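Understanding the architecture of this molecule
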Amino acid sequence: MSEREYLETDVVIVGAGNAAMSAAISASEQGARVLVLEKSPEKYKGGNSSHTHGSIRFAYDGVDDIKEIVPDLTEQELQTTDFGSYPDEQFFEDMCRLTDYRTDPELASLLTSESLETMKWLHSHKVRFVPIYGRQAFKIDGMFKFWGGMILESVGGGQGLVDILHKEAVEHGTKVLFNAMATELLHDDEGVYGVVFKHNGKTAEVHAKAVILASGGFHANKEMRTRYLGPGWDIAKTRGSRYNTGDGIRMALEIGAGSTGNWSGAHSVGGDMNVPDFTEGFQKLSYPFGIIVNAEGKRFVDEGADFRNYTYAKYGKKILEQPRQFAWQIFDQKVTGLLREEYKGRQVTKVKADTLEKLAEKLVGVDQQTFLKTVEEYNQAVREDIPFHPNVKDGRRTEGLEVEKTNWANTLDEGPFEAYQVTCGITFTYGGLKINTAAEVQDLLDHSIPGLFAAGELVGGLFYFNYPGGAGLMAGSVFGKIAGKNAAELMKRRQEQEAAMNN
Ligand SMILES: Cc1cc2nc3c(=O)[nH]c(=O)nc-3n(C[C@H](O)[C@H](O)[C@H](O)COP(=O)(O)OP(=O)(O)OC[C@H]3O[C@@H](n4cnc5c(N)ncnc54)[C@H](O)[C@@H]3O)c2cc1C
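Source: prediction; values computed, not measured. (Residues numbered from 1 in each chain as written. Predicted model: local features only at pLDDT ≥ 70, side-chain atom pairs only at ≥ 80, totals over all residues. Heavy atoms only, no water.)

Looking at the packing of helix H6 (residues 105–124) against helix H13 (residues 471–502)
- Interaxial distance between H6 and H13 falls to 8 Å at its minimum, and their mutual angle equals 85°. Judged on the interaxial angle alone, H13 and H6 are roughly perpendicular. For the pair H6 and H13, contact is made by Leu107, Leu110, Leu111, Glu114, Ser115, Thr118, Met119, Trp121 and Leu122 and by Met474, Ala475, Ser477, Val478, Phe479, Lys481 and Ile482, respectively.
- Residues that form the contact of H6 with H13 fall into these classes: 11 nonpolar, 3 polar and 2 charged. (Axes fitted to C-alpha atoms, helices over the stretch in contact; angles between N-to-C directions. Helix = DSSP H or I, 4+ residues; strand = E, 2+ residues; numbered from the N terminus. Parallel < 35°, antiparallel > 145°, perpendicular 65-115°, else oblique. Contact = heavy atoms within 4.5 Å. Nonpolar A, V, L, I, M, F, W, Y, C, P; charged D, E, K, R; others polar.)

As for the sheet that holds strand S11 (residues 180–188)
- What the 4 strands build is an open sheet, ordered S1-S13-S12-S11; its pairing is mixed. The strands lining the two open edges of the sheet, one partner per strand, are strand S1 (5–8) and S11. When strand polarity is set aside, the average angle formed by the axes of neighbouring strands in this sheet is 25°. (Pairing = 2+ DSSP bridges.)

Some remarks on H6
- Here H6 is 20 residues long and its end C-alpha atoms lie 29 Å apart, about the 28 Å a rise of 1.5 Å per residue gives.
- At Ser115, H6 shows its maximal kink, close to 50°.
- Considered for burial, the residues of H6 that qualify are Leu107, Ala108, Leu110, Leu111, Thr112, Ser115, Leu116, Thr118, Met119, Trp121, Leu122 and His123.
- Its side-chain oxygen at 2.9 Å from the backbone nitrogen of Glu106, Asp104 defines the N-terminal cap of H6.
- Directly after H6, the chain includes Lys126, whose backbone phi takes a positive value near 75°. (Expected span 1.5 Å × (residues − 1). Bend = angle between axes of the 7 residues up to and from the residue. Buried < 20%, exposed > 50% of the residue type's maximum accessible area, 1.4 Å probe, protein only. Polar contact = N/O pair within 3.5 Å; in protein donor to acceptor, adjacent residues only side chain to side chain.)

Regarding the site of the ligand
- Neighbouring the ligand are 38 residues; Glu38, Asn48, Ser49, Ser55 and Asn244 lie closest to it.
- At 2.8 Å from an oxygen atom of the ligand is found a main-chain nitrogen or oxygen belonging to Leu473.
- In isolation the ligand offers 1000 Å² of accessible surface; the protein chains occlude 95% of this area.
- Listed by contribution, the elements that provide at least two residues to the shell around the ligand are helix H1 (18–29), helix H2 (47–50), S11, strand S21 (417–429) and H13.
- Residue composition of the shell around the ligand, grouped by class: 13 nonpolar, 20 polar and 5 charged. (Near = heavy atom within 4 Å. Areas by Shrake-Rupley, 256 points an atom, 1.4 Å probe, with all protein chains shown as cover.)

Points about the domain arrangement of the protein
- As assigned here, the protein comprises domain 1 (5–219 + 430–502) and domain 2 (268–426).
- Taking only C-alpha atoms into account, the centre of domain 1 sits 34 Å from that of domain 2.
- Contacts between domain 1 and domain 2 engage 24 residues on the former and 18 residues on the latter.
- Summing the contributions of domain 1 and of domain 2, the shared interface buries around 1700 Å²; its carbon and sulfur component is 53%. (Domains from an automatic or database assignment. Buried area = accessible area lost by both parts, 1.4 Å probe.)

Some details on empty space enclosed by the protein
- This structure, assessed with the given rule, holds 3 cavities of 30 Å³ or more.
- Taken as a whole, the largest cavity holds about 120 Å³ of empty space.
- Forming the walls of the largest cavity are 14 residues, and the residues nearest its centre are Phe138, Trp147, Leu285, Phe289 and Arg308.
- Counted by class, the lining of the largest cavity contains 9 nonpolar, 2 polar and 3 charged residues.
- Each of two domains, domain 1 (5–219 + 430–502) and domain 2 (268–426), supplies a minimum of three residues to the lining of the largest cavity. (1 Å grid on protein atoms, 1.4 Å probe; cavity = no way out; pocket = protein on both sides within 12 Å on 5 of 7 lines; lining within 4 Å. Points joined across faces, edges and corners; volume = space filled by probe spheres on them.)

Next up, the structure:
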């Protein structure tokens with residue numbers, strides 16, 4: 001039997017996505033030696049974080065706050081953009097409203113109140129941001145008006161964010177081991193003191209003063225998905241990182257960590273029916289401007305219930321609940337110019353026809369007669385007296401339908417018509433480990449487990465049923481930064497105790 005390798009450091013972090021690397025920078029700012037263990041090979045570094053657009057939600061009171069984070073905004077951009085404001089109270093209210101008032105109020109409050117400072121901190125660590133023109137603001141009469149509380153994305157998207165954080169962490173002294181899969185937490189009566197991991201297939205141990213778990217949720221683990229989210233979730237498409245298989249959650253539960261949050265809930269979206277798991281550009285998110293029908297030819301959600309980034313994360317599940325787990329999004333020529341970039345790729349399940357009757361024939365799996373009746377009734381119900389405006393909740397609604405559309409309701413009557421077949425794709429899971437506001441993992445009796453911290457997607461309690469777009473990265477940055485700082489402070493206390501005992 002070969003000898004097991006032993007390493008020693010101050011703070012060990014499991015995972016190398018946004019939460020982990022925020023924690024690494026924060027811990028090293030406090031003087032800690034940091035070792036990051038990442039399960040994936042280097043070329044796939046960054047977990048789900050690297051698959052994002054880098055869109056990030058934070059509270060701001062006006063354009064002056066934006067200028068601190070994006071100092072290179074041009075005069076022309078400033079003059080042609082209405083950034084509005086998104087105060088802390090509104091971000092907090094969105095967290096409550098979207099989660100049916102189940103979000104942990106202490107964690108949600110910390111997330112929203114620390115979000116602006118955390119953006120400034122990321123900027124101080126060389127992360128660059130730009131306005132999300134196009135996806136979060138349409139140009140009308142020469143002006144961009146932002147909506148939905150999300151205005152910035154990192155330069156280079158999620159990969160750009162991850163690359164900068166890795167570079168910055170390494171410059172601060174962090175060491176990253178790739179192909180290093182954590183398998184077990186080392187612990188005794190004093191708490192957690194290290195991690196067992198497999199590095200290139202060989203078992204090794206690292207001992208540390210503190211461990212931070214930031215290894216994501218379990219969306220890429222079909223067995224856990226079916227066990228916790230329920231029947232049917234095994235056949236949802238998997239998005240993002242294939243490495244987020246719930247390892248950190250399992251390791252912590254095994255040593256008595258408490259679980260919390262929406263274990264039967266997940267972020268899931270509608271996306272292309274026929275692409276393999278992990279396909280980039282899967283999602284199809286312009287549905288607020290059209291209608292969605294199921295195999296029976298019936299509508300089943302209010303496509304215009306709210307801005308896209310307040311509904312997209314719950315509509316994947318709605319599609320999974322439909323017969324044969326698919327739906328078609330239908331648009332006419334009045335709105336196809338507003339469709340997002342992801343509708344334009346080659347790997348898109350799309351049909352097109354000049355008339356609704358011809359389109360109906362092409363909608364694979366759909367009851368044609370019911371579909372035509374649905375569109376006819378829908379067209380008759382649209383309040384055409386209310387003007388259409390894509391940048392605001394325009395109130396242009398239907399009246400008298402079983403399932404109403406409450407904004408952006410345009411008649412479907414100008415061919416050629418386009419239809420896109422979609423199914424459910426799972427993005428990340430909501431249930432996870434219980435932490436306090438210091439990012440310390442709690443045990444089953446709500447006591448902190450000494451030496452164990454957690455941040456990012458594997459933390460439970462923030463999101464239930466739904467999710468405001470851009471809050472995932474922000475949660476990782478806010479709690480990663482807190483976890484890193486507190487882990488380093490614990491390291492100092494433990495070092496002082498050891499020094500006192502040795503004197
Ligand atoms: C396609 C897509 C688009 C998204 N878009 C956005 C967006 O624009 N804005 C937004 O806010 N959120 C977005 N999200 C959600 C966002 O990605 C997550 O909420 C966030 O990135 C989670 O960060 P994290 O650091 O907790 O996890 P991750 O970034 O997933 O990092 C976890 C890391 O842990 C590693 N790991 C797992 N198990 C182990 C183990 N046993 N040992 C060692 N390492 C391990 C994984 O390989 C991974 O690198 C999107 C998600 C996807 C999939």
